[in-house]
Amino acid sequence: MNRRRPTLLAALTLTAAAALTLSACGSDGSPGKGEGEIAGSDVGDESSASPSPSSSSTAAAGRPKVKLPPDLRLTFEDAETGDPVKDAVLADNAERMRAVDAAISGTDPKGKALGFYNTGKALEAAVSWVGQFEKANATVTGHVRFFDRDVTLKGTTSAVLTFCADESKGFSKDKETGEVTKTPVTKDSYVQYNTRLDKNADGVWQTSQILSTRGAAQCQA
């Protein structure tokens, strides 16, 4: 039995939103550290057998259908702005969040959607985080709400998206025993994200960079 698993389970903070910030980069291209580094990023750097999708190969294959297990729910507020381009950015961002949780929970074991909706450092971070859940034999459960989602277009093929995540009702779960690791609600249950998305040749808005600030005052419920 892996003696590290209980420690890993205790350290894993939930869901796709947090998942993508592991080893992520901010808008200046520098590694996300300090307040931009999520809880759980210190669980080790060993190699894993996590999915390793190719963003270029999956983009040409058509949009994958992302499914989540019945005990996991993600909700996305502010989905429509009236601007079709901004709405497309928001829609692909939502699918990116769902894609990471699908890989973690096993509904997308090959990680096809990961490579479809992520590229660059964001893709590397997503694959690494999924691998850590695999090593812990853990998955995710509960409900995560994404809100205050705001898009700023930077030309025709680049955008900046900021948003908040309420992770107070989302938890990690042991795949073998089904035990849910519940944590108390604190200011760190709320996270602000600053992301960059780039539109690829197939018209998909892929997340390329992401930085988080856990406990951000502007995201407190």
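Residues numbered from 1 in each chain as written. Predicted model: local features only at pLDDT ≥ 70, side-chain atom pairs only at ≥ 80, totals over all residues. Heavy atoms only, no water.

**So, the overall build of the chain**
Right, on to step 1. Helices and strands together make up the secondary structure of the chain, namely 6 helices and 6 strands.
Right, on to step 2. Every one of the 221 residues in the chain was classed for burial, and the buried ones make up 51%.
Right, on to step 3. For the chain, the share of sequence-separated contacts (at least 6 apart) that also reach a separation of at least 24 residues comes to 75%.
Right, on to step 4. A total accessible area of about 10,200 Å² is found for the chain, and carbon and sulfur atoms account for 49% of it. (Helix = DSSP H or I, 4+ residues; strand = E, 2+ residues; numbered from the N terminus. Buried < 20%, exposed > 50% of the residue type's maximum accessible area, 1.4 Å probe, protein only. Contact = heavy atoms within 4.5 Å. Areas by Shrake-Rupley, 256 points an atom, 1.4 Å probe, with all protein chains shown as cover.)

**Overview of the side chain of Thr139**
Right, on to step 1. Looking at the secondary structure, you find Thr139 in strand β2 (residues 138-153).
Right, on to step 2. Residues within four places of Thr139 in sequence aside, it is in contact with Ile104, Ser105, Phe133, Phe171, Ser172, Lys173 and Lys175.

**Some thoughts on the packing of aromatic side chains**
Right, on to step 1. As enumerated under the stated definition, the model contains 5 aromatic pairs in all.
Right, on to step 2. Taking the centre distance of 4.8 Å and the plane angle of 10 degrees together, the rings of Phe76 and Phe146 count as stacked. You can see Phe76 sitting in strand β1 (residues 72-76) and its partner Phe146 sitting in strand β2, a full 70 residues away along the chain.
Right, on to step 3. Pairing Phe116 with Tyr117 gives two aromatic rings, centres 4.8 Å apart and planes at 65 degrees, and the pair type is edge-to-face.
Right, on to step 4. Connected via pairs of aromatic rings, a cluster forms that spans Phe76, Phe146, Phe163 and Tyr193. (Phe/Tyr/Trp six-rings, centres within 6.5 Å; stacked < 30°, edge-to-face > 60°.)

**Describing the pattern of salt bridges**
Right, on to step 1. Applying the stated criterion across every chain yields a total of 8 salt bridges.
Right, on to step 2. Measuring nitrogen to oxygen at the nearest pair gives 3.0 Å for the salt bridge that ties Glu95 to Arg98. With Glu95 and Arg98 both in helix α4 (residues 84-105) and 3 residues apart, the pair spans about one turn of that helix.
Right, on to step 3. Glu95 gets classed as partly exposed once you look at its relative accessible area, which sits at 21%.
Right, on to step 4. The residue Asp198 makes a salt bridge to Arg196 at a minimum N-O spacing of 3.0 Å.
Right, on to step 5. Each of Glu77, Arg145 and Asp166 takes part in a single network of salt bridges with overlapping partners. (Salt bridge = Lys/Arg side-chain N within 4 Å of Asp/Glu carboxyl O.)

**Details of the confidence of the model for the chain**
Right, on to step 1. Across the chain, the average pLDDT comes to 78, with 72% of residues at or above 70.
Right, on to step 2. Note that residues 1-50 has pLDDT below 50 and, in this model, 121 contacts with residues that lie over four places away or in other chains.
Right, on to step 3. Below pLDDT 50 for its whole length, residues 55-61 participates in 13 contacts with residues either more than four positions away or in separate chains. (pLDDT = per-residue confidence, 0-100.)

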